[in-house]
Amino acid sequence: MKKIKVALAGQPNCGKSTIFNLVSGIEQHIANYPGVTVDKKTGYFTYDKHRIEMVDLPGTYSFSSYSLEERVAKDFILDENPDVIVNVIDASNIKRNLYLTFQLLEIGKPVVVILNMMDVATRRGIKINSKKISEMLNCPVVEASGAKGLGAEDIMKCIVETSKNENNYNEFKINYDEFEHHIKNVESKISKTNALQNRRWLAIKALENDKTIVDRLKEDVIDIEELIKKEENSFHNNYDKDPASFLASYRYEAADIIFHKTIQETNKGKETLTDKADKIILNRYLAIPILIFFMFMVYQISIVWGYKLTDYTWPILASFKNFVIDILPEANFTDVPMITDFGIWMVNSANALMNYLPIFFILFALIAIMEDVGYMPRMAFILDRVFRRFGLHGQSTLPLVLGGAMVGGCAVPGVMSTKGIADERARMATIFSVPYMNCLAKVPFYTLLLGAFFKPDMAIMMFFISTITLFIAMIVAKFITSTILKTRETAPFLMELPPYHLPTFKGVIIRASQRVWIYIKKVVTIVLAVAIILFAMLQFPGLKEESKIEFENKSILALNNFDKKVKDSIYYEEINTKEEVIALLNYYDNYRAKRMTISSNEAAKALDGKFLIKNEPFFKYIKPKRDKEAKKINKALRDLSSKRKAILREMKNEKVENSLLGMTGRAIEPFSQFAGFDWKINVAFLSSFAARESAVATLGSLYENNKADNMRAEEAMALNSGYTPLHATAIIIFMILTPPCIATMIVVKMQTNSYKWMLFAIFFPIFLGITLASLIFTLGNTFDWSGFEAMSYFYISVVLTTIIIALFPQKNQNWNGGLKIKNKG
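This structure is a prediction, so every number in the text was calculated from the model and none was measured. (Residues numbered from 1 in each chain as written. Predicted model: local features only at pLDDT ≥ 70, side-chain atom pairs only at ≥ 80, totals over all residues. Heavy atoms only, no water.)

**Digging into the overall build of the protein chain**
Reasoning step 1: Counting secondary structure elements, the protein chain contains 36 helices and 9 strands.
Reasoning step 2: Residue burial in the protein chain is summarised as follows: out of 825 residues, 52% are buried.
Reasoning step 3: Partitioning the intrachain contacts of the protein chain with sequence separation of at least 6 by distance along the chain shows that 75% fall at a separation of at least 24.
Reasoning step 4: Within the structure as shown, the protein chain displays about 39,500 Å² of accessible surface, and the carbon and sulfur contribution to it stands at 58%. (Helix = DSSP H or I, 4+ residues; strand = E, 2+ residues; numbered from the N terminus. Buried < 20%, exposed > 50% of the residue type's maximum accessible area, 1.4 Å probe, protein only. Contact = heavy atoms within 4.5 Å. Areas by Shrake-Rupley, 256 points an atom, 1.4 Å probe, with all protein chains shown as cover.)

**Considering the side chain of Lys 620**
Reasoning step 1: Relative to the helices and strands, Lys 620 is located in helix H26 (residues 616-622).
Reasoning step 2: Here Pro 617 takes part through its backbone oxygen, which lies 2.9 Å from a polar atom of the side chain of Lys 620.
Reasoning step 3: In contact with Lys 620, other than residues within four places in its own chain, are Tyr 571, Glu 574, Asp 627 and Ala 630. (Polar contact = N/O pair within 3.5 Å; in protein donor to acceptor, adjacent residues only side chain to side chain.)

**Some thoughts on the pairing of strand S5 (residues 84-90)**
Reasoning step 1: For S5, a buried count of 7 out of 7 residues is recorded, marking the element as mostly surrounded by other parts of the structure.
Reasoning step 2: Because side chains alternate across S5, one face comprises the buried residues Val 84, Val 86, Val 88 and Asp 90, and the other comprises Ile 85, Asn 87 and Ile 89, equally buried.
Reasoning step 3: In terms of strand pairing, S5 meets strand S6 (residues 111-116) through 6 bridges, oriented parallel. Considered in S6, the bridge of Asn 87 is made with Val 113.
Reasoning step 4: Handedness of the crossover is the feature at issue here: the chain leaves S5, passes through helix H3 (residues 94-106), returns alongside S6, and the resulting connection is right-handed. (Pairing = 2+ DSSP bridges. Right-handed = clockwise from strand over helix to strand, strands pointing away.)

**Some remarks on helix H6 (residues 152-164)**
Reasoning step 1: In this model H6 runs 19 Å from its N-terminal to its C-terminal C-alpha over 13 residues, within 8% of the 18 Å that 1.5 Å per residue would give.
Reasoning step 2: When we look at burial in H6, the residues that qualify are Ala 152, Ile 155, Met 156, Cys 158, Ile 159, Val 160, Thr 162 and Ser 163. (Expected span 1.5 Å × (residues − 1).)

**Details of a nonpolar patch on the surface**
Reasoning step 1: Judged by side-chain polarity, Tyr 793, Ile 796, Leu 800, Ile 803, Ile 804 and Leu 807 come together as a nonpolar surface patch covering roughly 610 Å² of accessible area.
Reasoning step 2: Inspection of the secondary structure assignment puts Leu 800 in helix H36 (residues 787-806). (Patch = residues over 30% accessible without salt bridge, like charges linked within 9 Å, V, L, I, M, F, W, Y side chains within 5 Å. Salt bridge = Lys/Arg side-chain N within 4 Å of Asp/Glu carboxyl O.)

**Looking at the packing of aromatic side chains**
What describes a pair of aromatic rings is the distance from one ring centre to the other and the angle between the planes of the rings.
Reasoning step 1: With the rule as written, the count across this model stands at 30 aromatic pairs.
Reasoning step 2: Ring geometry for Phe 432 versus Phe 760: centroids 5.1 Å apart, planes at 80°, classification edge-to-face. Placement of Phe 432 in helix H19 (residues 424-433) and of Phe 760 in helix H35 (residues 755-783) is noted, with a sequence separation of 328 residues between them.
Reasoning step 3: Taking 5.8 Å as the distance between ring centres and 45° as the angle between the ring planes, the aromatic pair formed by Phe 677 and Phe 685 counts as tilted.
Reasoning step 4: By relative accessible area, Phe 677 is classed as buried at 4%.
Reasoning step 5: An aromatic cluster is defined as three or more aromatic residues linked by ring pairs; in this entry it consists of Tyr 176, Phe 179, Phe 235, Tyr 239, Phe 246 and Tyr 250.
Reasoning step 6: The positively charged end of Lys 620 is found above the aromatic ring belonging to Tyr 571, 4.7 Å away from the centroid. (Phe/Tyr/Trp six-rings, centres within 6.5 Å; stacked < 30°, edge-to-face > 60°. Lys NZ or Arg CZ within 6 Å of the ring centre and 35° of its normal.)

**Brief notes about the nonpolar core**
Reasoning step 1: Counting 110 residues, the largest nonpolar core has Leu 398, Phe 432, Ile 472, Phe 677, Ile 732 and Ile 736 as its most contacted members.
Reasoning step 2: When residues no more than four places from it in sequence are discounted, the contact partners of Leu 398 are Met 295, Val 298, Ile 367, Met 370, Met 376, Met 379 and Ser 417.
Reasoning step 3: Of all hydrophobic cores here, the second largest spans 59 residues; its members include Phe 63, Leu 115, Ile 190 and Leu 207. (Core = buried A, V, L, I, M, F, W, Y, C linked by side-chain atoms within 4.5 Å.)

**Things to note about the environment of Pro 315**
Reasoning step 1: Inspection of the secondary structure assignment puts Pro 315 in helix H13 (residues 287-327).
Reasoning step 2: The exposure class of Pro 315 is partly exposed, given its relative accessible area of 27%.
Reasoning step 3: Sequence separation between Pro 315 and Thr 597 is 282 residues; the distance between their C-alpha atoms is 5.4 Å.

**Topic: the UniProt feature "binding site: Mg(2+)" (unreviewed entry) in the protein chain**
Reasoning step 1: Mapped onto the present numbering, the UniProt feature "binding site: Mg(2+)" (unreviewed entry) falls at Asn 21, Ser 24 and Gly 25.
Reasoning step 2: Tracing the backbone shows Asn 21 in helix H1 (residues 16-24). (UniProt positions renumbered as here; feature names shortened; annotations may be inferred.)

**Thoughts on the UniProt feature "binding site: GTP 5" (unreviewed entry) in the protein chain**
Reasoning step 1: Taking the UniProt record as the reference, the feature "binding site: GTP 5" (unreviewed entry) is found at Ser 145, Gly 146 and Ala 147.
Reasoning step 2: The residues touching Gly 146, leaving out its near neighbours within four places in the chain, are Thr 18, Ile 19, Leu 22, Asn 116 and Thr 504.
Reasoning step 3: As for its placement among the helices and strands, Ala 147 is situated in the loop between strand S8 (141-143) and H6.
Reasoning step 4: Apart from residues no more than four positions distant in its own chain, Ala 147 is found in contact with Thr 18, Leu 502 and Thr 504.

This is the structure we're talking about:
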C-alpha cells in the first residue's frame, strides 16, 4: 500500500479543522511540534489502496516568519517534505485567501485547493467558477463544506490522483519581471545545496529575508547573507522598492486576477447575517456586556455545572480508591503498613486531578464551539485595546475568567486555554497571570481566616479578595512583559473576523476529547511523580521511639476498653482475641467507607449482600437490627473506630511536624517570620502545594486539640493559633499571591515547554508574596493598623497602581502645521 504524506494548510478560521475531521475520521494523533507548544494534529485514512497521513498545519496568513505558527508550518514543509499540499480556502472570503495559495504553489509541491464553506458562499450570492480556477492555477480545485459533511470523497480522490501524477508536475512560477534576475542569481548560488525543496522558492524566501530559510542555507552557502544583501541593495537602488513588498504586491495582483475572472458577487453590497449580528455583538456599548455574559456562561457551565457533574463521577473514583484499599494489606489497628499508606496517597493524588475531567471536557467543548462559531476572534478584538496596555492580549480574557477573574475558577483550565493566544509575549504573560486569579480551592482557606478573624467585615474583605486579584494579575503582566519577556516575540496584530457559522458536533467532540486526553497523559503521569516525592518528605524520618511507645500504649488502652465493654456479651467468643477485634474493626471501617459512596437502596442492598458473604458472623455487628447483644458490640465498635481515628490523626500530626516537610517549614521560618508566619503556616502552604484544599485540612489538624474538639475549625484557629487579624491579613495576601498548585505548574510546564519557566512560575509569586506580606505586616505593626485597615491600604495601593499604569502616557502626535481646515458651520 503506497503512503502519501499530506500537509493541510490554510488561513485561520477557514474551516481547516472541519475539513481535517471530515476526511481523517477518528484515527487522529495529537502532540506538539518539536520544541514548541503548538498542536500538531495528524490524521490517517485509507483510500484507493493508499495510506494517507495528513498533518494539520497551524493556521497562517502567509509563509513568512512573523509568528510562531508560520515558522512551525514552514519548518514542517522543510523537514518533512510532504508529497501533496492541501490548501483550504474560505470560499466566502476567497480573494484574501488566495494570497496564501500562491505562496503554497510557489513551494514547488503539487497543491490541491479545497473551496470550503461553499454553502456560505452560495447563501451570500457568491458564484465561483472552480473549474476555471483549476485551469488558471493548474491544480485540482474541490468544492466542499466541512460543516455540512460535503466533499470528503472528492478530496481524498484528488489527493490520491495528484500523488499519482506527480511525475507530470511542472514547477509553478510567478513572473516577477524586473526582480527575476535577482532570483536567478540567488538560485544559481544555492543550486548545489542539500536542501530537498525547490531552489527557486528557497531563493525567493531568502530574498524576502526569511530568517528560517537563510539560516538553513547558511549551512551550505556561508556567504549567502552577503549575496542577499547585495541583491537587495541592487534592486532597491534601481527601482526604489523593497523586495518583500514588491513580491507581495505581485501575489496580491495575481490573486486579484483570479478573483475577477472566476467570481461573481450577485449580492455585493447587501448586508449579510454576519454583518447584522456584528452590529449588535461588536456594538461599542453592547460589546462588553455581551462578552461578560458569554464569559460568565462559559464559567457557569464549565466550572459551576461541571463541578456538579463531579458529584456523579466522584463515586466512581471513590470506588476505585476502595478497590485499591481492598487489595492492599490491612492495618493492624494503628500500625498501617507503608505500602498501604503509599497506595492510598497515590490514589488520592490521582483522584484529585481526575476529578477535574468533566470540567475540562465541557470547557474544551465550549472553547471549540466559540472557535467554530467565530466568536473567539471577536472577543480578542473587543478587549485587545485595554489588555494591550498591560502587555496582555484580547485573547487573554477567557483564560483569566476561567482562572477565577469573576467569581472563582481553576488555574489549570485557565492556563490550558492560553494555547490559542497568537501573540507569544502576551501568551506567556497570560500564563503567568492566570495563577493569581481566585481559584475555587482557595475559597475555603479564605473562609476559614475570615471566619476566625474578620467576622464583622467578612463581606467587604471577600470583596477585596475577589477583585484585587485581577488588578494584581495585570500589574504582574505589565512588569514581566516590560522586563523578562521584553525580548519575546510578538506577532503583528492581524485581526480577521470570519463569518459566523454553526460548529459540527463531531468536530467539537473530537477536539474536546483530544485535549482531555493530553491532560490525562501528561498531567497525571507527572503529578504522580511529584506525589511520590511529597509522600517521602512527609514520611521520613517518622515518629520518635518514645512517641511510638506512647501511641502503642494508647492503642492498648483503647483495645482494652473495647474488651471490657463486650466481655459479657454472648458473642464474646467471636471477638476475644486482638486479631479478631482488628479484623472486625477493619471490616466495619471498610463497610462504612463504601457505604458513603452509595446513594441508592439497590446499591446499598448489593453492598450488604457482598459483606454478608465476606463474613457472615461479623455482619450482624454492622447491621445489628433488633439483636441487643449485637447492638452493644456495634456501639463499642463505633467508639473504638473513633479512637483509632483520633490516634491516627495524632500520629499523623506528629509525623508531619517531624517530617522533612515539617523541618522545611521550620527552616524557612527565619524568612517568613517578617510576615508573621510560624512553621505551622509554612507547612500549611507547603502541603497546599499539592492541592489548595490541603491548606485548610492541614491548619485544621494542626490547631486541633482536646479542648477544641467540639469547636468549628475557625474558632479553634482563632483560639489556639495566637494570631491576630493583622497576621491573618498577611496570610491572606500571601495566599492571593501564592504560587500555583502542582497541577497548575504542570500545565505551565506543558504550555511553556520549559522547566525554567515552570520554576519562575513558582518562585516569582513566592518572592512577591512574602515581600508584600512582610511589608504590610511590618507597616501594620509600626503604625498599629488593624487587619482590616492593613487590607484596605493594600487594596487601595494596588488599585491606584493599576490606574496609573493604564493611564501611562502613550505615543502621541508629535508634529503640527499643515493646511488648516475650517469646520463647516
